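Chain residues, written in single-letter form:
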Amino acid sequence: MSDLYRKEALAHRTRALFGEVRLKAPPSTWLVTILLAIVVVKVVAALFLLDVETAAGSVRLLDWLLGAKS
């Protein structure tokens, strides 16, 4: 029975038994991922770079949110 088909055809059929994996997402998924990453970077940067004016003076936003006394 094996000489009924070419070797190439049998090899192709053997590979097909395992299936194919395609890692392809639609462009909208990439757009949402990029926008979400930009928002996260901006929030983290704001936590470390922005200051809040309090009665005691200027305090870093992260310290103010955590209630740290400096």
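Just above, that's the structure.
Structure report, in brief. (Residues numbered from 1 in each chain as written. Predicted model: local features only at pLDDT ≥ 70, side-chain atom pairs only at ≥ 80, totals over all residues. Heavy atoms only, no water.)

### Notes on the overall build of the protein chain
Each helix and strand in the protein chain was counted, giving three helices and two strands. When the helices and strands of the protein chain are read in sequence order from the N terminus, they spell out α-α-β-β-α. Going through the 70 residues of the protein chain one by one, you find that 7% of them count as buried. Element-wise, carbon and sulfur atoms account for 68% of the exposed surface of the protein chain, whose accessible area totals about 6900 Å². (Helix = DSSP H or I, 4+ residues; strand = E, 2+ residues; numbered from the N terminus. Buried < 20%, exposed > 50% of the residue type's maximum accessible area, 1.4 Å probe, protein only. Areas by Shrake-Rupley, 256 points an atom, 1.4 Å probe, with all protein chains shown as cover.)

### Regarding the pairing of strand 1 (residues 51–54)
Bridge count between strand 1 and strand 2 (residues 57–60): four bridges; the pairing is antiparallel. Residue Thr54 lies in a different strand from strand 2, and its bridge partner there is Gly57. Linkage of strand 1 to strand 2, two consecutive antiparallel strands, is achieved through a turn of two residues. (Pairing = 2+ DSSP bridges.)

### Digging into the pattern of salt bridges
Applying the stated criterion to the full structure yields one salt bridge. A salt bridge links Arg60 to Asp63; the nearest nitrogen and oxygen atoms lie 3.3 Å apart. On the basis of relative accessible area, Asp63 is assigned to the buried category, the value being 18%. (Salt bridge = Lys/Arg side-chain N within 4 Å of Asp/Glu carboxyl O.)

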